[in-house]
Amino acid sequence: MATFSKYLTAKNSSIAGGILLALCLLKRRRRTGHRDGRKGGSDVVLNAEKDAKKDRAAVDKVFFFRIFDILRILVPRLLCKETGYLILIAAMLVTRTYCDVWMIQNGTMIESAIIGRSSKDFKAFLFSFVKVMPLIALVNNFLKLGLYELKLRFRERLTKNLYDQYLQGFTYYKMGNLDNRIANADQLLTQDVEKFCNSVVDLYSNLSKPLLDIVLYIFKLTSAIGAQGPAVMMTYLLVSGLLLTRLRRPIGRMTVTEQRYEGEYRFVNSRLITNSEEIAFYNGNIREKQTIYTTFKKLVDHLHNFIFFRCSMGFVDSMIAKYVATVVGYLVVSRPFLTPSHPRHLHSTHSELLEDYYQSGRMLLRLSQALGRIVLAGREMTRLSGFTSRITELMKVLRELNAGQYERTMVSQQEKESESAEKLVLVPGSGHIINKDNLIKFDHAPLATPNGDVLIRDLTFEVTSGTNVLVCGPNGCGKSSLFRVLGELWPLFGGRLTKPERGKLFYVPQRPYMTLGSLRDQVIYPDTHEDQQQKGISDHILKEYLDNVQLGHILDREGSWDSVQDWMDVLSGGEKQRMAMARLFYHKPQFAILDECTSAVSVDVEDFIYSHCRTVGITLFTVSHRKSLWKHHEYYLHMDGRGNYEFKPISEETVEFGS
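Remember, it's a predicted structure, so these values are computed and weren't measured experimentally.

Topic: the overall build of the chain
Within the chain, the secondary structure is distributed over 22 helices and 12 strands. Counting across all 659 residues of the chain, residues that qualify as buried make up 42%. A fraction of 79% describes how many contacts in the chain between residues 6 or more apart in sequence connect residues 24 or more apart. In the form shown here, the chain has an accessible surface area of approximately 35900 Å², with 57% of it arising from carbon and sulfur atoms.

This is the structure:
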């Protein structure tokens, strides 16, 4: 028992506990993997594999390829400001390493002078330290400056690159309405980009300094105590690094899951703000609180598990990368001193032994600390792999959407309703779009939603400029779908569509969008003031547009075109609809789609608006349930919601729909 208790020390117990904890973590991870593999049938397994593939985030070959692709965006060329800051950081790290070595040597000399009671040497070395203090402080602050600036510039580069793709054409619309791979784009474009850039720069700093320390201290120690000591430390680095990298693999996947849950939590809160009025009318606060609490609980439960795992790994990291590394360092540095026959100190005095131990020991201690930081940097790299996975997924989806490709769960209700019905093969983007002025023509084109739900199997009609068309039918029959295809928001699944270019087709919704900006911006949106000046349209003409829709009093009330307000709140529903019509008069497109856009406008103003559109040559597609609008149209397109439609001229015998 005495022999056994001799080895039962605090240090040995801590080491044994760390090893047992590492083994438990490995065993728990394997058991979880086996349990997930056994659960569910074939469909569940496929879904699990798909999710695992999507959430894959580990420090492997794929990670390095991904990070390299993103780094080409962050540092686009050799001669750029980012390269300059990378060089500045590297130079400051090298300088700080030499400062550390100098401080070790100078500190040793100060301590030797104190022990040797040499007042002269003490004052000389202390004065040297005082002289160098401002330089060391300057080096540290220049290093911080480089790190902060590099983080900001990386974020600026990556953000601009992603937004250039996100706001190219209708990609921002397609990501939220056609493609279902990215759930919370705002989370990725803001928080994830910032965290990724911070993580990349921190990793660069945390890896560069220890690597420089290792190279310098190995060189110094090899010349002092031989190559055996540094070789032992490097071997320990390799073994411990491989072990910890294996244990940390779940961190990347858990980081991806954390950011996804954070995005979902932000989304339910933003929905509450956006729809606060409707929820208040329904007294839905209790129900919304349950939804928010459910989403938040999912996030909190995951964070609890993540914190426990990181705490467990923190114990293992501290033991292996810090304390055991320090023990190995003491064992290595003590050999020349504890071996009486060692040739290094056969004739050394006590003072020389003390000075050599302080200098070599501190260098080896710094080397072991640097090796520990290298090992711990693997933890940061594993977390970085999670952010890299999400950013790479966003970049991939953006590239494919800009190339006309999207992924969505395809559903065909017609196949469910009738197995004997002729199957309609839907290929997104297989239709042919022809740009031609003053003509809109559907030629044997199916009208279908992005998920493959067919509304009309074969749509054929033709409208020329000057022929207004009233579109009518029950809710869900395909009116809005028709306009989304016309605006190229939705893909054409077949046939041919002849239409003007995008800029010559204008859409006015029932709830118009008011942009952030001045009163002028509301009329000319999406043009800028410079675009207005290039078109030769003066503010006096803009005033006429407002007068045409009876909004001239707003300019008189605000006093200036440059007045900035929250126009979504300042303007009433009817004023916003009339502002959208003034915007239509400003742009003067060949065709305009009016989707219940005068529902909050009086009949006399509505009559003037439609008459003015005909006067200035704007051909209208109107969705409305008002009988008073039939007189402003020559044709009607009626959809019955069961896949049938009729396109006929309006005559005296035509039965008018609506109220």
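As for the packing of helix 18 (residues 539–548) against helix 21 (residues 573–587)
Contact pair helix 18 / helix 21: the axes reach a minimum separation of 9 Å and the direction vectors enclose 135°. One way to sum up the angle between helix 18 and helix 21 is to call them oblique. For the pair helix 18 and helix 21, the sense of crossing is right-handed. Counted together, Leu 542, Tyr 545, Leu 546 and Asn 548 of helix 18 and Met 579, Ala 582, Phe 585 and Tyr 586 of helix 21 form the full contact between these two elements.

A look at the side chain of Lys 479
Here Lys 479 is to be found in helix 15 (residues 479–486). No salt bridge is formed by the buried Lys 479; the nearest opposite charge belongs to Glu 596, separated by 6.9 Å. Other than its neighbours up to four places away in sequence, Lys 479 contacts Val 471, Cys 472, Gly 473, Pro 474, Val 623 and Met 639.

Re the sheet that holds strand 10 (residues 619–623)
One open sheet accounts for six strands, arranged 6-9-10-4-11-12; its pairing is mixed. Each edge of the sheet is formed by a strand with only one pairing partner; in this case those strands are strand 6 (505–508) and strand 12 (645–649). Adjacent strand axes in the sheet meet at a mean angle of 15° when their direction is disregarded. With five bridges joining them, strand 11 (residues 635–639) and strand 12 adopt antiparallel strand pairing. Following the sheet pairing, Met 639 is matched in strand 12 by Tyr 645.

Some remarks on the packing of aromatic side chains
Inspection of every chain in the model, using the stated rule, returns nine aromatic pairs. Aromatic pair Tyr 265 and Phe 296: ring centres 5.0 Å apart, planes at 35°, arrangement tilted. Within this pair, whereas Tyr 265 is found in helix 10 (residues 250–274), its partner Phe 296 is found in helix 12 (residues 285–338), the two being separated by 31 residues in sequence. For Phe 296, a relative accessible area of 35% corresponds to the partly exposed category. Relative to Phe 621, the ring of Phe 591 lies with its centre 6.5 Å away and its plane at 50°, an arrangement referred to as tilted.

What about unusual backbone geometry?
Trans peptide bonds make up the majority, and among non-glycine residues the majority have a negative phi. The amide bond that connects Tyr 525 to the next residue, Pro 526, takes the cis arrangement and shows omega of 5°. With a phi close to 55°, His 444 is a non-glycine residue in the positive phi region. On the secondary structure map, His 444 appears in strand 2 (residues 439–448). Positive phi, normally seen in glycine, also occurs at Lys 588, with a value near 50°.

Here's the deal with helix 4 (residues 61–74)
Helix length check: helix 4, at 14 residues, gives a terminal C-alpha distance of 20 Å against a target of 20 Å (1.5 Å per residue), a fit within 8%. Every buried residue belonging to helix 4 is among Phe 63, Ile 67, Ile 70, Ile 73 and Leu 74, and all of these are buried. Angularly, the buried residues of helix 4 cover 105° about the axis, an arc narrow enough to put them on a single face. Residues of helix 4 that are exposed and point over 90 degrees away from its buried face: Lys 61 and Phe 65.

Section: the nonpolar core
Core analysis: the biggest nonpolar cluster contains 71 residues, and Leu 158, Met 175, Phe 196, Phe 442, Leu 482 and Phe 621 have the highest contact counts within it. Examining the composition of this core, we find that 10 residues originate from one element, helix 13 (residues 350–402), more than from any other. Residues contacting Leu 158, with those up to four places away along its chain left out, are Ile 70, Ile 73, Leu 74, Val 193, Phe 196, Cys 197 and Ile 391. Leu 542, Val 549, Ile 554 and Leu 620 belong to the second-largest nonpolar core, a separate cluster that totals 35 residues.

Some details on the sheet that holds strand 5 (residues 496–499)
Within a sheet, adjacent strands bond to each other through the backbone by hydrogen bonds, running parallel or antiparallel. The strand order across the open sheet built from four strands is 1-5-2-3, with neighbouring strands paired in mixed fashion. In the strand order of this sheet, the two ends are held by strand 1 (432–435) and strand 3 (454–464), each with one partner. Pairwise comparison of adjacent strand axes, ignoring direction, gives a mean angle of 20° for this sheet.

Some details on helix 6 (residues 119–166)
Along its 48 residues, helix 6 runs 70 Å from first to last C-alpha, staying within 8% of the 70 Å computed at 1.5 Å per residue. The largest bend in helix 6 comes to about 35°, at Val 132, with the proline Pro 134 one to four residues further on.

Concerning the pattern of salt bridges
Oppositely charged side chains may form a pair once their charged atoms are brought near each other. Counted under the stated rule, the structure contains 26 salt bridges. In this structure, the salt-bridge partner of Glu 646 is Lys 648, at a minimum N-O distance of 3.6 Å. Of the residues examined, Lys 648 reaches a relative accessible area of 43% and is grouped as partly exposed. Sharing partners across several salt bridges, the network here consists of Asp 179, Arg 181 and Glu 400.

Quick word on a nonpolar patch on the surface
A cluster of nonpolar side chains, Leu 126, Val 130 and Met 133, forms an exposed patch at the surface whose accessible area comes to about 230 Å². Tracing the backbone through its elements, the reader meets Met 133 in helix 6. Take Met 133: its relative accessible area is 38%, and that puts it in the partly exposed class.

Focus: the pairing of strand 10
Among the five residues in strand 10, five count as buried, and that is most of the element. Of the two faces of strand 10, the one carrying Thr 619, Phe 621 and Val 623 and the one carrying Leu 620 and Thr 622 are both buried. Note: strand 4 (residues 469–472) against strand 10, three bridges, orientation parallel. The residue of strand 10 that forms the bridge with Val 471 is Val 623. When strand 9 (residues 591–595) meets strand 10, the two strands line up parallel, connected through five bridges. By the bridge assignment, Ile 593 is partnered in strand 10 with Phe 621.

Considerations on the confidence of the model for the chain
Summarising the model, the chain shows a mean pLDDT of 79, and 81% of its residues fall at 70 or more. Averaged over each element, pLDDT in the chain is lowest for helix 3 (residues 42–54) (37) and highest for strand 5 (94). Under a pLDDT of 50 for its full length, residues 1–14 has, in the predicted model, five contacts with residues more than four places off or in other chains. Taken as a whole, residues 31–54 scores under 50 in pLDDT and shows six contacts with residues more than four places along the chain or in a different chain.

About the thresholds
Residues take numbers from 1 onward in each chain, read along the sequence in its written order. Only residues with pLDDT of 70 or above have their local features reported here, since the model is predicted, and side-chain atom pairs are shown and tallied only from 80 upward, although totals for entire chains, interfaces and linings are computed over all residues. By convention in this description, side-chain values take in all heavy atoms of the structure and omit both hydrogens and water. Counting from the N terminus, the helices are DSSP H or I runs at least four residues long and the strands are E runs at least two residues long. Burial here depends on accessible area, computed with a 1.4 Å probe over protein chains only, as a share of the maximum for the residue type. Under 20% is buried, over 50% is exposed, and the range in between is partly exposed. Here a residue-residue contact requires only that any non-hydrogen atoms of the pair lie within 4.5 Å. Surface accessibility follows the Shrake-Rupley procedure with a 1.4 Å probe radius. Residue values consider only the protein chains on display as shielding. Think of each axis as a best-fit line through the C-alpha atoms, taken over the contacting stretch in the case of a helix, with angles from 0 to 180 degrees between the N-to-C directions. Any angle between 65 and 115 degrees counts as roughly perpendicular, while under 35 counts as roughly parallel, over 145 as roughly antiparallel, and the rest as oblique. Handedness of a crossing follows from how the near helix is turned relative to the far one, being left-handed for an anticlockwise turn of less than a right angle and right-handed for a clockwise one. All tallies of charge rest on Lys and Arg as positive and Asp and Glu as negative; His and the ends of each chain are not included. Salt bridge, as used here, is a side-chain nitrogen of Lys or Arg placed within 4 Å of a carboxyl oxygen of Asp or Glu. Paired strands are those between which DSSP finds at least two bridges. Each pair of aromatic rings taken from Phe, Tyr and Trp, with Trp reduced to its six-membered ring, is defined by centres within 6.5 Å and is described as stacked if the planes are under 30 degrees apart, edge-to-face if over 60, and tilted in the remaining cases. Here, expected helix span is obtained from the residue count minus one, scaled by 1.5 Å. The directions from the helix axis to the C-beta atoms form the arc being described. Here, nonpolar core means buried Ala, Val, Leu, Ile, Met, Phe, Trp, Tyr and Cys residues that are tied together by side-chain atoms lying within 4.5 Å of each other. Two axes enter the bend calculation: one fitted to the seven residues ending at the residue in question, the other to the seven starting there, and the bend is the angle between them. Grouping into patches uses exposed residues only, defined as over 30% relative accessible area, and leaves out salt-bridged ones; the cut-off is 9 Å for like charges and 5 Å for nonpolar side chains (Val, Leu, Ile, Met, Phe, Trp, Tyr). Here pLDDT means the predictor's own confidence in every residue, given as a number from 0 to 100.

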